Amino acid sequence: MTNRKALAKISLMKYRAIALDLDGTLLNSNKEISKKNKEIIMKAAKAGVKIILASGRPVPGIKKIAKQLHLEEVGGYILAYNGGMIIDCKTGEVIRREVIPTEYYADIVHCANKLEVTTLTYDSEGIITNDENDEYVHFESRINNIPIRQVFHLEEEAQLDPPVKFLCVGDHKILQQLQSKLDDKLKGAVNIFFSEPFFLEITPQGIEKASSLEILLEKLGIDRKSLIACGDGYNDIPMMRYAGLAVAMENAQVETKEWADFIAPSNDADGVAAAIEKFILLA
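Residues numbered from 1 in each chain as written. Predicted model: local features only at pLDDT ≥ 70, side-chain atom pairs only at ≥ 80, totals over all residues. Heavy atoms only, no water.

What follows is about the sheet that holds strand 3 (residues 77–80). The strands that make up a sheet pair up through hydrogen bonds in the backbone, lying either parallel or antiparallel. The strand order across the open sheet built from eight strands is 5-4-3-2-1-12-13-14, with neighbouring strands paired in mixed fashion. Unpaired on one side and paired on the other, strand 5 (94–97) and strand 14 (262–264) mark the two borders of the sheet. Adjacent strand axes in the sheet meet at a mean angle of 20° when their direction is disregarded. Pairing of strand 3 with strand 4 (residues 85–88), which is carried by four bridges, proceeds in the antiparallel orientation. The residue bridging Ile78 from the neighbouring strand is Ile87, located in strand 4. Contacts from helix 9 (residues 209–220) reach strand 1 (17–20), strand 2 (50–54), strand 3, strand 4, strand 5 and strand 12 (227–231) within the one sheet, and its direction differs from that of strand 5 by about 150°. Sitting on the sheet, helix 12 (residues 271–281) touches strand 1, strand 12, strand 13 (245–249) and strand 14, and the angle it makes with strand 13 is about 150°. (Pairing = 2+ DSSP bridges. Helix = DSSP H or I, 4+ residues; strand = E, 2+ residues; numbered from the N terminus. Axes fitted to C-alpha atoms, helices over the stretch in contact; angles between N-to-C directions. Contact = heavy atoms within 4.5 Å.)

By size, the foremost hydrophobic cluster in this structure holds 49 residues, and its most contacted members are Leu20, Leu26, Ile51, Leu53, Ile228 and Val247. When residues of this core are assigned to their parent elements, the largest contribution, six residues, is made by helix 12. Setting aside residues no more than four positions away along its own chain, Val247 makes contact with Ile228, Ala229, Cys230, Gly231, Met240, Ala260, Phe262, Ala264 and Ala275. (Core = buried A, V, L, I, M, F, W, Y, C linked by side-chain atoms within 4.5 Å. Buried < 20%, exposed > 50% of the residue type's maximum accessible area, 1.4 Å probe, protein only.)

The mixed open sheet is built from six strands, whose spatial order is 8-7-6-9-11-10. On the outer flanks of this sheet lie strand 8 (148–150) and strand 10 (190–196), each paired with one strand and no other. Direction aside, the axes of adjacent strands within the sheet are offset by 30° on average. One ladder, built from three bridges, connects strand 7 (residues 127–129) with strand 8; its direction is parallel. Looking at the pairing, Ile127 lines up with Ile148 of strand 8. Contacts from helix 8 (residues 172–186) reach strand 9 (166–169), strand 10 and strand 11 (199–204), with the element oriented near 170° to strand 10.

Time to look at the pairing of strand 3. The side chains of a regular strand alternate, residue by residue, between the two faces of the sheet. Of the two faces of strand 3, both are covered, the one formed by Tyr77 and Leu79 as well as the one formed by Ile78 and Ala80. Here strand 2 runs beside strand 3; their pairing, made up of three bridges, is parallel. Bridge pairing in strand 3 links Leu53 to Ile78. Linking strand 3 to strand 4, which pair antiparallel, is a turn of four residues; within it Tyr81 sits at a positive phi near 55°.

Before going further, it helps to spend a moment on unusual backbone geometry. Even without being a glycine, Asn82 presents a positive backbone phi close to 60°. Examined against the element boundaries, Asn82 turns out to sit in the loop between strand 3 and strand 4. Non-glycine residue Glu116 carries a positive phi angle of around 55°. Its place among the elements puts Glu116 in the loop between helix 5 (105–114) and strand 6 (118–122). Assessed through its relative accessible area of 75%, Glu116 is described here as exposed.

In structure tokens, the structure reads:
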């Protein structure tokens with residue numbers, strides 16, 4: 001499923017970095033890294049390839065995945081919140097951190113409260129929220145394997161450590177009403193979009209994976225043509241367009257596949273390992 005001319009060009013390149021989406025890409029349906037994926041990623045890292053975990057997940061959730069891959073030892077990078085924050089796993093250096101301006105916190109939380117919508121954000125340990133019993137808060141906690149902390153005035157608590165993202169959770173139709181109200185109230189000052197029908201995300205303007213990868217690669221002295229990007233979702237399209245080689249999983253969205261140079265096996269069939277073996281280890 002790969003264009004022959006593209007493959008001929010690809011075979012002459014040496015890839016020095018690989019950006020991996022997590023859910024639906026690196027992680028299988030059980031939200032786990034397979035033994036095969038881990039083994040092959042470790043081989044690539046030891047060969048000098050920069051491993052970049054690029055996800056919409058919060059930092060605490062990605063750090064657990066990075067630890068399983070021993071990125072604090074072999075080296076690697078976390079690109080969290082769809083690019084709002086970049087961390088060097090080995091040194092702990094924060095390379096990029098874009099936060100939502102504090103003047104919008106009260107509007108976000110109060111508009112959600114009026115519609116009886118639960119809001120959450122994150123601190124260095126996990127989730128902070130104004131309703132620890134909400135089913136979708138627990139879902140986000142399970143996905144990322146991070147704790148929940150109840151607070152009474154979320155807009156005030158968040159100002160202590162300004163977050164990269166707020167997440168409003170609940171019924172899709174009610175969240176659509178909230179999106180409309182926030183669009184009117186904040187007038188484009190932040191990004192407001194659905195990542196799932198039950199997840200309404202609020203992030204700083206201009207945040208997406210490609211722009212963050214550009215910042216990171218410039219720091220590393222790596223040309224974008226030497227980057228492989230692997231993904232499955234709509235939010236992976238910008239980084240796939242940016243990279244020298246775009247890899248979509250077999251389980252990817254149809255539109256995401258349209259931007260791919262190569263279709264790898266699914267996330268349940270070690271697709272990431274197959275891509276690394278084909279274009280890095282066996283090239």
